[in-house]
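# Structural overview
What follows is each chain in one-letter form.
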Amino acid sequence: MSLFDRRLLGREILPGYGYYLAVLAWMLLVLPWQVRTLGPDQWPIVAFCLSLHALLFGLDLALSPLLLQAAGARTEPGFIGFLYLHAHARCRNAALLLAMAMLLLLAIGRHFGLTAPLTPSALLLMLALYLLQIQNAVALAIWNGRGQQALASGRSAAFLLVRHAFASLFIAAGAASAEVFLFGLVLGAGLEWQTNRRILLRQYPPDSGHAAGTGQSLTLLPWALASAALALLSTQFDRLWLGVQIDSADFGTYVLIGTPLAAYLSLQMPIQRSLLPRLSRPESAPAAMRAVWQAHALLAVPCLLAAPVSDWLLHLWLGPLSPALALAPVLSALLFALAAAILTAPAFLWLMHQRRWPQLLLAQCLTLVLQAWWLSQGRDAAPFEGAIRAAFMPGLVGLSVILLHPALLTTLLRGDKRR
């Protein structure tokens, strides 16, 4: 099996990118208008709320790999339906616990004088959006695990457009506030949750006789949750740090140029949704791991090509008068860092596949500690220097994992030959 296998590429991986085409359309066509309409006072609030949302959404990174393997291992409709209900309840409870932990951390930070561009009403709307979206992610993971990537991707793309259509219409009507914008997103997410639930349960009527099997499918959830939380904290730590350290206008600009990078990083997901079930089967695992390396190498190439022309890209995207043009050198460095992170990402995926959870958590903790150290070294006159150095830490630690594990290096060099 190769990444370029016609069935794998045409039926699973490419349909999974429909959602990301919708994200690209939103970023290029709608996001700049939303930023201008919200203005320098309201956009930083939205940016900080969405950064918190992305951090909490690490729960999906923990749950989805487990559901992909569980939904792909058995075909009985009664099992799939009950797996959805069981995962839905487990995920809702975990999401509530994470939300309460985040509220506690925000309260502690405020007690010590740390301020962020945030209002109580915007925070509550962000939490509502998070709870709805994490439950939507359960349905999407079930469909992807059953090989229905086209259905999952199509629904994700459609409801992304619905959410932002609501939000854009509300702020265009004259109420250009962060709360109104977030309310539009919540409304669209609620509509998505209701329709996803009805369609999936109609497609897979649940059977309580499969209760024991569904429980066993999620026994690794605590390990996976810890790993996903560290991974997401690593990707969002620079935003959270800078959000309380720099001027809100500068922070909003930094988040704006970083939004396409975060969206590009998520392009790994369709590949993982297709190849993770194959990695769980011994007969196909070596070839699937080789395909993982191939796919991530291809994803890194556009980052390397875009980095030298970042100023031209910003000019094309945001216009010649955008304040974001001043951060073109920052964007260029972040693109190189993103390429390094993508190239070494299979190392972390391999540790998870091998169930080497202690080693994986150690590598992720080391990444986070190094990022925190570099961010703390950023000077007031050049706060983005620390962010740039911190962005290279996932790639550096990933390279260390590759060099320390000869078996992993072998999957890169002779993946199709090992059995």
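Residues numbered from 1 in each chain as written. Predicted model: local features only at pLDDT ≥ 70, side-chain atom pairs only at ≥ 80, totals over all residues. Heavy atoms only, no water.

Under the criterion given, the structure shown has six aromatic pairs. Seen from their ring centres, phenylalanine 170 and phenylalanine 183 are 6.0 Å apart, and the 25 degrees between their planes marks the pair as stacked. Highlighted residues: phenylalanine 170 in helix H6 (residues 149-172) and phenylalanine 183 in helix H7 (residues 178-203), separated in sequence by 13 residues. The exposure class assigned to phenylalanine 183 is partly exposed, which follows from its relative accessible area of 43%. With a centroid separation of 5.3 Å and an interplanar angle of 10 degrees, the aromatic rings of tyrosine 254 and phenylalanine 384 are classed as stacked. One end of the pair, tyrosine 254, is in helix H10 (residues 248-265); the other, phenylalanine 384, is in helix H16 (residues 384-391), with 130 residues separating them in the sequence. (Phe/Tyr/Trp six-rings, centres within 6.5 Å; stacked < 30°, edge-to-face > 60°. Helix = DSSP H or I, 4+ residues; strand = E, 2+ residues; numbered from the N terminus. Buried < 20%, exposed > 50% of the residue type's maximum accessible area, 1.4 Å probe, protein only.)

Here we take up the confidence of the model for the chain. Averaged over every residue, the pLDDT of the chain is 82; the share at 70 or more is 88%. Ranking the elements of the chain by mean pLDDT puts helix H8 (residues 211-217) last with 54 and H7 first with 94. A low-confidence stretch, residues 415-419 (pLDDT under 50), is modelled with eleven contacts involving residues beyond four sequence positions or located in other chains. (pLDDT = per-residue confidence, 0-100. Contact = heavy atoms within 4.5 Å.)

The next thing to look at is the pattern of salt bridges. What the rule picks out here adds up to one salt bridge. A salt bridge links arginine 163 to glutamate 192; its shortest N-O distance comes to 2.9 Å. A residue pair is termed long-range when its members are at least 10 positions apart, and arginine 163 in helix H6 and glutamate 192 in helix H7 qualify at 29 residues. Look at arginine 163 and you get buried, because its relative accessible area is 7%. (Salt bridge = Lys/Arg side-chain N within 4 Å of Asp/Glu carboxyl O.)

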